[in-house]
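Listed below are the residues making up each chain.
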Amino acid sequence: MKYKFIDLFAGIGGIRLGFENAAKSKGIETNCVFSSEIDKYCIQTYITNFGKTNFYGDITKLGSNENLINTIPNFNILFAGFPCQPFSQAGLRKGFDDTRGTLFFWIDKILNLKKPDAFLLENVKHLKGHDKGNTLKVILKSLRKNYYVPDPKVLNAKDFGLPQNRERIFIVGFKKKMNDFIFPEKKSIKVKVGDILEKKPDDKYTISTKLWTGHKRRKIQHRLKGNGFGYGLFDRESHHTNTISARYYKDGSEVLISRGKNKNPRKLTERECARLQGFSDTFKIPVSTVQAYKQFGNSVPVNVIEEIALEIINYLEFSKRNSEVA
């Protein structure tokens, strides 16, 4: 079977890449029939790596149901790493209507109009407790009207072969329920930060004495206040780093790499950030250092997506076989 999919709020294509890797490992063909993203720098990176085929900008500009139906080709699976926006508490009663004005509304609308076989949504871990849990309740209530949606799962990149402590929440759904969907279990893959480090990074990544002094001073101040904020310092033998974020370009405080005693530490290179998120070295980085840091900080851990995608494919293949028997 050939799986056609769409990639919404696509960023630089991390979810797409994970799915394509999973499908390829099982000898299954895939075809991305529609991609959507509004950030011009992300679009540059995405098109550089995947091509411009069926690429669209802002899906909210499509407006009417008719435009959505005519613009987006039929597909089997929907992928989306959507921004988390607040929903009013009335949503617990209103369901789908309460998602209007949010970007999730467009995902929900496309699912209702096109009725694909499955979907995978990704968001920050904090979606779980956002607005005291009401945001996630609204989302699940809307999705469960037409889909089998098991309880979402928070998975960590460090449990799937990446040396980064990065938790994200994942929501999957299927048009048909054949049995219970099981999220992938942790992998016993031993990794360390040294696995993603470049051998001879440029000196430009070493932070200045002024910045390093400031980091150390702020860490002491935070410690005196009783919180854990401050820089994170790691070396080749560290099991994993902190989570890299879109603000990494500012001062690198989340993840600094030790260069030895009495030496200022350095920031990760763009390529090291890519590796930390599971992007192979063949993935092209056509943008500036600042934009690359933002992009990889906002992206998804490809290894985690790949494992979830394998389970989704297995579930769909199982459903297909059972339907044929029936």
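Our subject is the structure that appears above.
Quick notes on the rules
Residues numbered from 1 in each chain as written. Predicted model: local features only at pLDDT ≥ 70, side-chain atom pairs only at ≥ 80, totals over all residues. Heavy atoms only, no water. Pairing = 2+ DSSP bridges. Helix = DSSP H or I, 4+ residues; strand = E, 2+ residues; numbered from the N terminus. Buried < 20%, exposed > 50% of the residue type's maximum accessible area, 1.4 Å probe, protein only. Phe/Tyr/Trp six-rings, centres within 6.5 Å; stacked < 30°, edge-to-face > 60°. Lys NZ or Arg CZ within 6 Å of the ring centre and 35° of its normal. Core = buried A, V, L, I, M, F, W, Y, C linked by side-chain atoms within 4.5 Å. Arc of directions from axis to C-beta. Contact = heavy atoms within 4.5 Å. Polar contact = N/O pair within 3.5 Å; in protein donor to acceptor, adjacent residues only side chain to side chain. Axes fitted to C-alpha atoms, helices over the stretch in contact; angles between N-to-C directions. Parallel < 35°, antiparallel > 145°, perpendicular 65-115°, else oblique. Left-handed = near helix turned anticlockwise from the far one by under 90°. Nonpolar A, V, L, I, M, F, W, Y, C, P; charged D, E, K, R; others polar. Expected span 1.5 Å × (residues − 1).

J.: What am I meant to see in the sheet that holds strand S10 (residues 266-267) here?
T.: Backbone-to-backbone hydrogen bonds join strands into a sheet, with any given pair of strands oriented parallel or antiparallel. Read from one edge of the open sheet, three strands run S8-S9-S10, paired in mixed fashion. Only two strands of the sheet have a single neighbouring strand rather than two, namely strand S8 (233-234) and S10. With two bridges connecting them, strand S9 (residues 256-257) and S10 associate as antiparallel partners. Note that in S10 the partner of Ile257 across the bridge is Arg266.

J.: Whenever I open this one, the pairing of strand S7 (residues 167-174) confuses me. Can you help?
T.: Sheet faces and side chains relate simply in a regular strand, where the side chains alternate between the two faces. For S7, a buried count of seven out of eight residues is recorded, marking the element as mostly surrounded by other parts of the structure. Two elements, strand S6 (residues 153-156) and S7, share four bridges in a ladder whose sense is antiparallel. Considered in S7, the bridge of Asn156 is made with Glu167.

J.: Would you mind showing me how to read unusual backbone geometry here?
T.: Negative phi is the rule for most residues except glycine; trans is the rule for most peptide bonds. Backbone geometry at Phe9 places phi at a positive 45°, although glycine is not the residue there. For Phe9, a relative accessible area of 18% gives the class buried.

J.: Just to check I follow, could you spell out the packing of aromatic side chains for this structure?
T.: To describe a pair of aromatic rings, one takes the distance between the centres and the angle between the planes. Using the criterion set out here, one finds 21 aromatic pairs in the structure. A ring pair is formed by Phe50 and Phe283, whose centres lie 6.5 Å apart and whose planes are at 65°; its orientation type is edge-to-face. One end of the pair, Phe50, is in helix H2 (residues 40-50); the other, Phe283, is in the loop between helix H9 (270-276) and helix H10 (289-298), with 233 residues separating them in the sequence. With respect to burial, Phe50 and Phe283 carry one shared label: buried. Consider the rings of Phe174 and Phe181, whose centres lie 5.4 Å apart with planes at 40°: the pair is tilted. When sorted by exposure, Phe174 lands in the same class as Phe181, which is buried. An aromatic cluster is defined as three or more aromatic residues linked by ring pairs; in this entry it consists of Tyr46, Phe50, Phe55, Phe279, Phe283 and Phe296. In this structure, Lys219 packs its charged tip against the face of Tyr231, placed 4.3 Å from the ring centre.

J.: What is the right way to look at the nonpolar core in this model?
T.: Most often, soluble globular proteins have nonpolar side chains that are buried together. Counting residues in hydrophobic clusters, the biggest one holds 60 residues, and the most contacted among them are Leu120, Phe174, Leu268 and Ile312. The element contributing the most residues to this core is helix H11 (residues 302-325), with ten residues. By size, the runner-up hydrophobic cluster in this structure holds 30 residues, among which are Ile6, Ile107, Leu143 and Val149.

J.: Explanation requested: the sheet that holds strand S5 (residues 118-124) in the structure shown.
T.: Read across the open sheet, the seven strands follow the order S3-S2-S1-S4-S5-S7-S6; overall the sheet is mixed. The open sheet is flanked by strand S3 (55-56) and S6, the only strands paired with a single partner. Across seven bridges, S5 lies against S7 in antiparallel orientation. For Glu122, the partnering residue across the bridge sits in S7 and is Phe170.

J.: It is not clear to me how H2 should be interpreted in this structure. Could you clarify?
T.: Each turn of an α-helix holds 3.6 residues, which means side chains three or four residues apart point in the same direction. Looking only at H2, the buried set comprises Cys42, Ile43, Thr45, Tyr46 and Phe50. With its buried residues spanning 165° around the axis, H2 presents them on a single face. Where the residues of H2 are buried, they touch strand S1 (3-8), helix H1 (14-25), strand S2 (30-36), S3 and H10. Looking at where H2 begins, the residue whose side-chain oxygen comes 2.9 Å from the main-chain nitrogen of Tyr41 is Asp39. Gly51 occupies a position one or two residues after H2 and carries a positive phi of about 90°.

J.: Please clarify how the packing of helix H5 (residues 104-114) against helix H6 (residues 134-143) should be interpreted in this entry.
T.: Working note: a packed helix pair is described by the angle between its axes plus the distance between those axes. Their axes nearest at 10 Å, the elements H5 and H6 cross at an angle of 10°. Between H5 and H6, the angle is such that the two are roughly parallel. Of the two elements, H5 crosses H6, and the hand of that crossing is right-handed. Within the contact between the two elements, H5 uses Phe104, Asp108 and Leu111 and H6 uses Ile139, Ser142 and Leu143. Among the residues forming the contact of H5 with H6, the class breakdown is four nonpolar, one polar and one charged.

J.: Explain H1 to me, please; I cannot follow it from the model alone.
T.: Here H1 spans 17 Å end to end across twelve residues, near enough to the 16 Å set by a 1.5 Å rise per residue. Those residues of H1 not exposed but buried are Gly14, Ile15, Arg16, Leu17, Gly18, Phe19, Glu20, Ala22 and Ala23. In the segment just after H1, Gly27 is the residue with positive phi, at about 70°.

J.: Which parts of the structure should I look at to understand the side chain of Glu307?
T.: Within the secondary structure layout, Glu307 lies in helix H11. You can call Glu307 buried: its relative accessible area is 19%. In this structure the side chain of Glu307 is engaged in a polar contact, spanning 3.3 Å, whose partner is the side chain of Lys187. Other than its neighbours up to four places away in sequence, Glu307 contacts Phe160, Pro184 and Lys187.

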